[in-house]
Amino acid sequence: MSRFTPGKIHLVVALAGIAVIVLLLFIQNSGQEPDKDPGGPVFPRIYENLVTYESRTDLHNADILFINTSSGENGDLSQEEGNQYRPDIDKDRVVWQDKRSGYWNIYLKNITSGILTEITNHTDRETTPHISGDRIVYVTERNISPDIALFNITTGKEQLICTAPDVQWQPDIDGDWVVWEDWRRGPKSEGDIYVYNIPLNQEIEITNSSSQDWFPAVSDGWVVWQSSKHGDFDIVAENLTTRKQIQVTTNPSRQWLAAISGDIIVWIDERNRQWDIYGYNLSSGSEFRVTNDTGNDAWPAISGKKVAYINYPEKSRSNLMITEISG
């Protein structure tokens, strides 16, 4: 297990439906950290040996950093004062939302070439980007309520793939599939999961219930999300080809914020009266524990069998952690 320990003040924003929970965590410097890493880490994303994450200078400034866990190379990708939030990575390309122009827009940086590209340049909000291959998906508010936009890096063309009423947000993308959390039926719906097949130009409704279905993620034709259908949040998965649905967790405590890579799902689990990371293998049908740290473990991300997460051993410290699932 590798540990990278940035420091100082950190703001964690946890979005749950239309509620916003703000946790202020005060972080001290300790251990290894990149030269330009002035704050605590949150929202890590991982692709093989490359990890990117959001790091805060103070309550009004955040940067997008990366580290190569194999070579030790690290740096500040955003290289700009102000706010840069919510990175995502695919191969050596990182995307994030950026407010350097005074408005939230989407930026792309190639770690290998160092080329920075402004993907959007609007006066409305473009946020929470995710990348897969030559495609970037993000939330746009140009039509007042949040919609889902898809951008092709090769062609430079954007399309709005969902402009349904009310809120569509929390998108993810893998290959030909885009998923998001959808509130088109209003607050009483509690949120549903929708997917979109890019080649077929087809939208598919995954859930339509009064339960809370939130925070979807997609990989290799599987969509996972957290659902309150059976009480406290559980993790649910559905195969987008067969439409077979699996209730991944049944523990009476809360399981939430799932991530998926291939046939491995990871999530935050509260069965031990703290936040731990647990996992599930879709191929074998087996559940396993990923972390057993002191304190809370949060914001899991996965690539293959490598898992990045944030460990809070105490209120005064925060660690960026990377571990590998055995077996």
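Higher on the page you've got the structure.
Before going into details, it helps to say that this report is about the structure given with it. Remember, predicted model here, so these are calculated numbers, not experimental data. Positions within a chain are numbered from 1, following the residues in the order the chain's sequence is written. Totals for whole chains, interfaces and linings use every residue, but because this is a predicted model, local features are given only for residues with pLDDT of at least 70 and side-chain atom pairs only at 80 or more, for both listing and counting. Heavy atoms from the whole structure form the basis of all side-chain values; hydrogens and water molecules are not counted.

**Remarks on the sheet that holds strand 12 (residues 126–132)**
So, point 1. Spatial ordering of the open sheet is given by 12-13-14-15, a layout of four strands whose pairing is antiparallel. Both edges of this open sheet fall to strand 12 and strand 15 (157–162), since each of them pairs with a single strand only. The average undirected angle you get between the axes of adjacent strands in this sheet is 25°.
So, point 2. The sheet contact formed by strand 12 and strand 13 (residues 135–140) spans five bridges and is antiparallel. Bridge pairing links Ser132 to Arg135 in strand 13. One requirement defines pairing of two strands: DSSP has to find at least two bridges between them. Strands here mean DSSP runs of E at least two residues long; helices mean DSSP runs of H or I at least four residues long; both are numbered from the N terminus. Lines fitted to the C-alpha atoms define the axes, with helices restricted to the stretch that makes contact. Angles between their N-to-C directions range from 0 to 180 degrees.

**Remarks on the environment of Ser113**
So, point 1. Turning to its location among the elements, Ser113 is positioned in the loop between strand 10 (105–110) and strand 11 (116–118).
So, point 2. According to the relative accessible area criterion, Ser113 is partly exposed, its value standing at 43%.
So, point 3. Through-space distance from the C-alpha of Ser113 to that of Asp92 is 9.1 Å; in sequence the pair is 21 residues apart.
So, point 4. At 3.2 Å, the side chain of Ser113 forms a polar contact with the backbone nitrogen of Ile115. Burial status follows relative accessibility: with a 1.4 Å probe on protein chains alone, a residue under 20% of its type maximum counts as buried, one over 50% as exposed, and anything between as partly exposed. Polar contact criterion, stated in full: a pair of N or O atoms within 3.5 Å, where within protein one must be able to donate a hydrogen and the other to accept it, and residues adjacent in sequence count only if both atoms are side-chain atoms.

**Some words on the sheet that holds strand 11**
Sheet strands line up and pair through hydrogen bonds in the backbone, either parallel or antiparallel.
So, point 1. Taking strand neighbours across the sheet as the criterion, the four strands line up as 8-9-10-11 in an open arrangement whose pairing is antiparallel. Either end of the sheet is taken by a strand with one partner, and the two such strands are strand 8 (84–90) and strand 11. Neighbour to neighbour, the strand axes of the sheet diverge by 20° on average, direction disregarded.
So, point 2. Across three bridges, strand 10 lies against strand 11 in antiparallel orientation.

**Some points on the environment of Asn61**
So, point 1. In this fold, Asn61 is placed in strand 6 (residues 61–68).
So, point 2. Taking the C-alpha atoms as reference points, Asn61 and Asn83, separated by 22 residues in sequence, lie 4.8 Å from one another.
So, point 3. Filtering out sequence-adjacent residues up to four positions away, Asn61 remains in contact with Ser55, Arg56, Glu81, Gly82 and Asn83. Here, two residues are considered to be in contact whenever any of their heavy atoms come within 4.5 Å of each other.

**Things to note about the environment of Ser228**
So, point 1. If you trace the backbone, Ser228 turns up in the loop between strand 21 (222–227) and strand 22 (234–239).
So, point 2. By relative accessible area, Ser228 is classed as buried at 14%.
So, point 3. The contact partners of Ser228, leaving out residues within four places of it in the chain, are Ser211, Gln212 and Phe233.

**Examining the side chain of Thr207**
So, point 1. With respect to the helices and strands, Thr207 occurs in the loop between strand 19 (202–205) and strand 20 (213–219).
So, point 2. Note on Thr207: relative accessible area 8%, which makes it buried.
So, point 3. Separated by 3.0 Å, the side chains of Thr207 and Asp192 make a polar contact.

**Brief notes about the pairing of strand 22**
So, point 1. Burial analysis of strand 22 places six of its six residues in the buried class, which makes it a mostly covered element.
So, point 2. Where burial is concerned, the two faces of strand 22 agree: the one with Asp234, Val236 and Glu238 and the one with Ile235, Ala237 and Asn239 are both buried.
So, point 3. Bridge analysis of strand 21 against strand 22 gives six bridges, and the strand direction is antiparallel. Within strand 22, the residue paired with Ser227 across the bridge is Asp234.
So, point 4. Hairpin connection between strand 21 and strand 22: a loop of six residues separates the two successive antiparallel strands, and Gly231 in this loop has a positive phi of roughly 115°.
So, point 5. Relative to strand 23 (residues 245–247), strand 22 is paired through three bridges, and the arrangement is antiparallel. The partner of Ala237 across the bridge, within strand 23, is Ile246.

**Thoughts on the packing of aromatic side chains**
So, point 1. Note on ring pairs: Phe, Tyr and Trp rings are taken, using the six-membered ring of Trp, and paired if centres are within 6.5 Å. Classes follow the plane angle, with under 30 degrees stacked, over 60 edge-to-face and the rest tilted. Inspection of the entire model under this criterion finds six aromatic pairs.
So, point 2. Taken together, a centroid distance of 6.3 Å and an interplanar angle of 15° make the contact between Trp180 and Tyr194 stacked. Within this pair, whereas Trp180 is found in strand 17 (residues 177–182), its partner Tyr194 is found in strand 18 (residues 192–197), the two being separated by 14 residues in sequence. Taken as a pair, Trp180 and Tyr194 share a single burial class, namely buried.
So, point 3. Note on Trp256 and Trp275: the rings are 5.1 Å apart at their centroids and 80° apart in plane angle, and the pair reads as edge-to-face. One end of the pair, Trp256, is in strand 24 (residues 255–261); the other, Trp275, is in the loop between strand 25 (264–269) and strand 26 (276–281), with 19 residues separating them in the sequence.
So, point 4. Judged by relative accessible area, which is 10%, Trp256 ranks as buried.

**Some points on the side chain of Ser261**
So, point 1. Looking at where Ser261 falls in the secondary structure, it is placed in strand 24.
So, point 2. Beyond its immediate chain neighbours, meaning those up to four positions away, Ser261 contacts Ser219, Ile302, Ser303 and Gly304.

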